[in-house]
Amino acid sequence: MESSVVDTVRETPVDWTDDLTRVPYRVFQGEDVYAAEQTKLFHGPYWSYLCLEAEVAGPGDYCSTFVGETPVIVARDRDGELYGFENRCAHRGALLALDDRGNTKDFTCVYHAWSYNLQGDLTGVAFQDGVKGKGGMPDSFCMEDHGPRKMRIAVLHGLVFGSFSDDVPDIEDYLGEEITSRIARVLAGRTPEIIGRFTQILPNNWKLYVENVKDSYHASILHLFFTTFELNRLSQRGGIIVDESGGHHVSYSAIDRDAEKDVAYSDQNIRSESAYKLADPTLLEGFSEVGDDTTLQILSVFPGFVLQQIQNSVAVRQILPTGVERTRLNWTYLGFEEDTPEQREVRLKQANLVGPAGYISMEDGCVGGFVQRGIAGAASQSAVLEMGGSLAESSESRVTEASVRGFWKAYRAAMNRQEEA
Amino acid sequence: MSVNDFHRIGRVQADYSRCIDEGPLEQWPDFFVENCMYRITTAQNYSEGLPAGLVWANTRRMLVDRVSALREANIYEQHTYRHILGQPSVLEENGDGIHAETSFLVVRVMRDGQSDIFASGRYVDRYVDVDDQLKIAERVVVCDSTNIDTLLALPL
């Protein structure tokens, strides 16, 4: 059953090189690659971000979201537990939940009124016994045998992840200690409040956005706003953490109180000393987010989740493929119940930095499209990822593509895994 | 509501959209009072009372910064807008000013010549009189769709 999607579009093997420094452009272009990702990756032993626990806080609360392109429901039952299952009626395959979020006693398919409880079990079939002894389901029909596919659910510091695989390790083992502790740094011990949700439609393959998130090399080159206001410079104190699988990463930088004004940018002729000043500099006046000096922490979880702290703008991003050349990027901006009114205002102001209109992120929305358009007709060629060497390991330097190579390490392992099985 | 208010608001709207579509964009902040509120959000966020915006400014100077960032710092492909505005609905006039709503449709024309409907929605506005001129004290740009295609650089 798992291979049915792959069968419909025959997969041509991708020509990978022996090391991680080359990425064949075809992986961003092939329908066959895309189809294989849906089964091997999104239905494989990996955790996909689904929603925030705050969005399914009470009994009967539910969210409808996606794992890859598969529609799923996360629901909290009256037993207090979270359950995840495909948003798909076992009868004819129609969606069960039509709203993004809500509160319900159960899910009833609008097509033929088959109903399901909050755990995703089929509990009712309309006219199961027919009418006046005629029609109806055969006696052999057993409701327990039919239901949407269920997921494993993991909750970590208010983030809800799901997996269709029984082989996926526990979330803490999946992420490793360093990544887990960096999630905890931003989210543990606080109660998140959603202050806004926005969706950006990207004109490119989903992996180009993932690469962009992991690419610390571009951050203060493409985003001149960053550099101009010294929010993030590659020469700042910071580093890259790449986990052992390669799939997860953290890029961080901190206030360097002793650092002298560096010359690295003027040496490279990258504009960093423009006369451009903010008319209202309060945009950049923040507070220590969690009592440390780290002013930027971008964290990604394989395959498509991002937790961001940029100054005091905290957000989660869900990267959802919706086609070979189309990606849905869901931003959820966070505040915390513990915020003072002044801190909340800082978050609203600094939300100007991120999202589709963000001073430092609007470029990310179009740069993936520039690549997608640029690689047209170049399916036999490859991208070059040699900045900072050829390995996928943690480093103090952010002038490296180590975490991008890490993504490809994890991706290649995922895509090769079922071929070997 | 006086017919006069309707005409005055209509005139501000026409000049406002022409400023964005035809330029110069540098004059766009002049439509606002100094302590204005300008926010771009979606109908879903608006109805749920979620306060964040795609753009969120509580001073006119933040709007000046938007324009200078577009000119100086941000990188994006050339494109232009065409605003098509509906007639303003003047809802209420009170001590706060004049409250009105106006529907908009924005067509985005990309460098390659492609015209697409980029956004539809409504301006939820409050106007005040400043030296006999109507200025925007508050404008919430409520987009109908939750989706923004690629990026939002020029203001709505």
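Residues numbered from 1 in each chain as written. Chains lettered and ligands numbered in written order. Predicted model: local features only at pLDDT ≥ 70, side-chain atom pairs only at ≥ 80, totals over all residues. Heavy atoms only, no water.

Peer 1: Would you take a moment to explain the overall build of chain B for this structure?
Peer 2: Within chain B one finds three helices and eight strands. Ordered by position from N to C terminus, the α and β elements of chain B give α-β-α-β-α-β-β-β-β-β-β. Taking 156 residues into account, the globule formula puts the C-alpha radius of gyration at 15 Å, and chain B, at 15 Å, falls close to it. Taking the principal axes of the C-alpha coordinates as reference, chain B spans close to 45 × 30 × 30 Å. The 156 residues of chain B split such that 52% are buried. By sequence separation, contacts in chain B at least 24 residues apart represent 58% of the contacts at least 6 residues apart. When the accessible surface of chain B is summed, it comes to about 7,000 Å², and 45% of that surface belongs to carbon and sulfur atoms. Positive and negative side-chain charges in chain B, numbering 15 and 24 respectively, have mean positions lying 3 Å apart. (Helix = DSSP H or I, 4+ residues; strand = E, 2+ residues; numbered from the N terminus. Rg over C-alpha atoms; globule rule 2.2 N^0.38 Å. Buried < 20%, exposed > 50% of the residue type's maximum accessible area, 1.4 Å probe, protein only. Contact = heavy atoms within 4.5 Å. Areas by Shrake-Rupley, 256 points an atom, 1.4 Å probe, with all protein chains shown as cover. Lys, Arg positive; Asp, Glu negative; His and termini not counted. Charge placed at Lys NZ, Arg CZ, Asp CG, Glu CD.)

Peer 1: Looking at this structure, I do not really get the interface of chain B and chain A. What am I missing?
Peer 2: For interface size, the figure often reported is the accessible area lost on association. Counting residues at the interface gives 38 residues for chain B, matched by 39 residues for chain A. Between chain B and chain A lies a buried interface of about 3,300 Å² when both sides are counted; carbon and sulfur atoms form 54% of it. Per-residue buried area on chain B facing chain A is highest for Trp56, Ile75 and Thr150 of chain B; these three make up 18% of the total on that side. In this structure, the connection of chain B to chain A is made through two salt bridges. Residue Arg373 of chain A is joined to Glu77 of chain B by a salt bridge in which the shortest nitrogen-to-oxygen separation is 2.6 Å. Inspection of the region where chain B meets chain A yields 21 residue pairs in polar contact (both at pLDDT 80 or more). Every element with two or more residues in the side of chain B that touches chain A is listed here: β1 (32-42), α2 (43-48), β2 (55-57), α3 (60-72) and β8 (147-149) of chain B. Within the side of chain B that touches chain A, the residues separate by chemical class into 18 nonpolar, twelve polar and eight charged. In this sheet, β8 of chain B lies alongside strand β12 (residues 192-202) of chain A in parallel orientation, the contact comprising three bridges. Within β8 of chain B, the position partnered with Gln200 of chain A by the bridge is Ile148 of chain B. (Buried area = accessible area lost by both parts, 1.4 Å probe. Salt bridge = Lys/Arg side-chain N within 4 Å of Asp/Glu carboxyl O. Polar contact = N/O pair within 3.5 Å; in protein donor to acceptor, adjacent residues only side chain to side chain. Nonpolar A, V, L, I, M, F, W, Y, C, P; charged D, E, K, R; others polar. Pairing = 2+ DSSP bridges.)

Peer 1: How do you make sense of the sheet that holds β8 of chain B when you look at a structure like this?
Peer 2: Across a sheet, strands are paired by hydrogen bonds formed along the backbone, either parallel or antiparallel in direction. Strand order in the open sheet made by the eight strands is β13(A)-β14(A)-β15(A)-β16(A)-β17(A)-β18(A)-β12(A)-β8(B), with mixed pairing throughout. The open sheet has two free edges, formed respectively by β13 (237-242) of chain A together with β8 of chain B, since each of these has just one partner strand. Put simply, the sheet's adjacent strands are angled 15° from each other on average, direction ignored. In this sheet, strand β18 (residues 326-336) of chain A lies alongside strand β17 (residues 313-323) of chain A in antiparallel orientation, the contact comprising nine bridges. When the sheet's bridge partners are listed, Ile319 of chain A is paired in β18 of chain A with Leu329 of chain A. Sitting on the sheet, helix α8 (residues 341-350) of chain A is in contact with β12, β16 (305-310), β17 and β18 of chain A, with an inclination near 160° to β18 of chain A. (Axes fitted to C-alpha atoms, helices over the stretch in contact; angles between N-to-C directions.)

Peer 1: Is there a simple way to explain the side chain of Ser361 of chain A in this structure?
Peer 2: All names here are of chain A. Structurally, Ser361 can be placed in the loop between α8 and α9 (362-374). When its relative accessible area of 5% is taken as the criterion, Ser361 is described as buried. If we ignore the near neighbours within four places in the chain, the residues touching Ser361 are His223, Trp331, Leu353, Val354 and Gly355.

Peer 1: Help me out: how do you make sense of a nonpolar patch on the surface in this one?
Peer 2: All names here are of chain A. Side chains of Leu95, Leu98, Val110 and Tyr111 sit close together on the surface and give an oily, nonpolar patch of about 440 Å² of accessible area. Its location among the elements puts Tyr111 in the loop between β7 (107-108) and β8 (115-116). Under the relative-accessibility criterion, Tyr111 is labelled partly exposed at 49%. (Patch = residues over 30% accessible without salt bridge, like charges linked within 9 Å, V, L, I, M, F, W, Y side chains within 5 Å.)

Peer 1: When you look at the packing of aromatic side chains in this model, what are you seeing that I'm missing?
Peer 2: Geometrically, a pair of aromatic rings is defined through the distance of the ring centres and the angle of the planes. All chains considered together, the criterion is met by 26 aromatic pairs over all chains. With a centroid separation of 5.6 Å and 50° between ring planes, the pair formed by Phe302 of chain A and Phe407 of chain A is classed as tilted. Residue Phe302 of chain A is found in the loop between β15 (294-301) and β16, and its partner Phe407 of chain A is found in helix α10 (residues 402-420); the two are separated by 105 residues along the sequence. One exposure class covers both Phe302 of chain A and Phe407 of chain A, and it is buried. A centroid spacing of 5.5 Å and a plane angle of 85° characterise the contact between Phe32 of chain B and Tyr38 of chain B, whose relative ring orientation is edge-to-face. (Phe/Tyr/Trp six-rings, centres within 6.5 Å; stacked < 30°, edge-to-face > 60°.)

Peer 1: What am I meant to see in the pattern of salt bridges here?
Peer 2: Any two side chains of opposite charge can pair, on the condition that their charged atoms come close. Counting across every chain of the model gives 31 salt bridges over all chains. The partner of Glu101 of chain B in a salt bridge is Arg122 of chain B, with the nearest N and O atoms 3.0 Å apart. With Glu101 of chain B in strand β5 (residues 97-110) and Arg122 of chain B in strand β6 (residues 115-130), this residue pair connects regions lying 21 residues apart in the sequence. Sharing partners across several salt bridges, the network here consists of Arg190, Glu193, Glu289, Asp339, Arg344 and Arg347 of chain A.

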